[in-house]
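# Close look at the chain arrangement
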Amino acid sequence: MYGRNELIARYIKLRTGKTRTRKQVSSHIQVLARKRVREYQSSIKVSSHLQVLAKRKSREIQSKLKAMNLDQVSKDKALQTVANLSSAQIVSASVMKPQTPFPPAVRFWPSPIPGQPGHSQDIKPFAQPPYTTLPAPVPAPVGYDPLPPTRPAAITAPVWQDRTIASAKLRLLEYSAFMENQRDRETYKHVFVHIGPSNPGYNDPVLESIDVRQIYDKFSEKKGGLKELYEKGPHNAFFLVKFWADLSADIEEGSGVFYGVSSQYSGTENITISVSTKVCSFGKQVVEKVETEYAHMEGGKYAFRIHRSPMCEYMINFIHKLKHLPEKYMMNSVLENFTILQVVSNRETQETLLCIAFVFEVSTSEHGAQYHVYRLVND
């Protein structure tokens, strides 16, 4: 069970990789609270001062209106305008300026008015061309063709690299864990977690980074664990995915219920991949599933698709027990010590192509499952 300050501290650690103690969080909250109180008190003083100035300004305006030679209707309209203004508007630069009932006569440049002096030697009338005269069209520059939009010169990597779960050789296109149930010859499907296909652009932000050392304790330290894999590299193949899992559906058992996982990858080489999925509890590996997938050509790229792979018994039982907990904060307390590490490698060379660390919470959104991707770094 965690208090408010410790939950905030853990959130800061997950989002920024920075460690904050409960006392530091509590102290910062108190500082912010005192700052808000001072700002509120200051705003009250400013508001009170504005009201005093506004009353003084309003009296000055009313006295000026009485002194002006205006009819009663004009005075009433002016007073009504003042009454509708806020204190700040009255105090700010002059809201009312004496205006003459009628605008002065307008002089036109072309010819002097009889009885009035001519143009000053310093101010010359402008020549007014006939209305039918139009400016000559500007000729288009000769010898230059419009340039097409250029790709930024400094960019050498594909657009999806640094913006999606992708290394130099392999990219995760889609991932989902789900439950299917046959009901009256119809199939009902509920998705627990899902990473959908994306089409990023060069203007989209790159992924946020988290220090991989902050999550070493959540995964097994045995041979083939996260620490050993990261030290081996390549570092651009390591990612953290925070899932908010949708557990809103009724979890059912029986012969008509199927629990599965599907994933799809796109690569640059015609190879055979090995997909290892390790489930960890309190930093200890409890079960591992290894699958093999061969490449096939799709759209000029090599595609790897693991479709409807059956979920292991450990995971199914874990979901059932988690669903039976009465409160979501209890579920999150359990999920805090539950992680999954998926490693995709070249079966022949054992080179790591992708390594994805999954951590979980229960979704509270009406939109169902959600996720956020981070790049793992070692700064």
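You'll find the structure just up there.
A brief structural summary. Every value quoted in this text rests on a predicted model; they were computed, and no experiment measured them. (Residues numbered from 1 in each chain as written. Predicted model: local features only at pLDDT ≥ 70, side-chain atom pairs only at ≥ 80, totals over all residues. Heavy atoms only, no water.)

## Regarding empty space enclosed by the protein
As enumerated under the stated definition, the model contains 1 cavity of 30 Å³ or more in all. By volume, the largest cavity amounts to about 500 Å³. The wall of the largest cavity is formed by 31 residues, among which Ala-177, Val-261, Met-311, Met-315 and Ile-340 lie closest to the centre. Counted by class, the lining of the largest cavity contains 24 nonpolar, 4 polar and 3 charged residues. (1 Å grid on protein atoms, 1.4 Å probe; cavity = no way out; pocket = protein on both sides within 12 Å on 5 of 7 lines; lining within 4 Å. Points joined across faces, edges and corners; volume = space filled by probe spheres on them. Nonpolar A, V, L, I, M, F, W, Y, C, P; charged D, E, K, R; others polar.)

## Side note on the packing of helix α6 (residues 313-323) against helix α7 (residues 328-335)
Direction vectors running N to C along α6 and α7 enclose 145°, while the axes themselves pass 9 Å from each other. Contact residues: Phe-318, Leu-322 and Lys-323 in α6; Met-331, Val-334 and Leu-335 in α7. Here the contact of α6 with α7 is built from residues that sort into 5 nonpolar, no polar and 1 charged. (Axes fitted to C-alpha atoms, helices over the stretch in contact; angles between N-to-C directions. Helix = DSSP H or I, 4+ residues; strand = E, 2+ residues; numbered from the N terminus. Contact = heavy atoms within 4.5 Å.)

## What about the nonpolar core?
In terms of nonpolar packing, the biggest core is built from 44 residues, with Ile-165, Tyr-265 and Phe-358 touching the most fellow members. Here this core gets 6 residues from one element, more than from any other, and that element is strand β11 (residues 352-362). When residues no more than four places from it in sequence are discounted, the contact partners of Ile-165 are Leu-170, Arg-171, Leu-172, Ile-195, Phe-239, Val-241, Leu-354, Ile-356 and Val-373. (Core = buried A, V, L, I, M, F, W, Y, C linked by side-chain atoms within 4.5 Å. Buried < 20%, exposed > 50% of the residue type's maximum accessible area, 1.4 Å probe, protein only.)

## Digging into the sheet that holds strand β10 (residues 338-346)
Across the sheet, which stays open at both edges, the 7 strands sit in the order β3-β12-β4-β11-β10-β6-β7 with mixed pairing between neighbours. Every other strand in the sheet has two partners, leaving β3 (208-211) and β7 (284-294) as the edge strands with one partner each. Direction aside, neighbouring strands of the sheet carry axes that sit 25° apart on average. Each of β6 (272-281), β7 and β10 is contacted by α6, which is oriented at about 150° to β10, the strand it contacts most. This element, α7, spans β10 and β11 of the sheet and lies at about 150° to β11. (Pairing = 2+ DSSP bridges.)

## With respect to the pattern of salt bridges
Summed over the entire model, instances satisfying the criterion amount to 9 salt bridges. A salt bridge links Lys-242 to Glu-361; the shortest N-O distance between them is 3.1 Å. Linking Lys-242 in strand β4 (residues 238-245) with Glu-361 in strand β11, this pair joins segments that are 119 residues apart in sequence. Exposure remark for Lys-242: the relative accessible area of 5% places this residue in the buried category. With a relative accessible area of 30%, Glu-361 lands in the partly exposed category. When the shortest N-O distance is used, the salt bridge between Lys-289 and Glu-291 registers 4.0 Å. For Glu-291, a relative accessible area of 18% corresponds to the buried category. Taken together, the shared-partner salt bridges connect Lys-169, Glu-269 and Glu-351 into one network. (Salt bridge = Lys/Arg side-chain N within 4 Å of Asp/Glu carboxyl O.)

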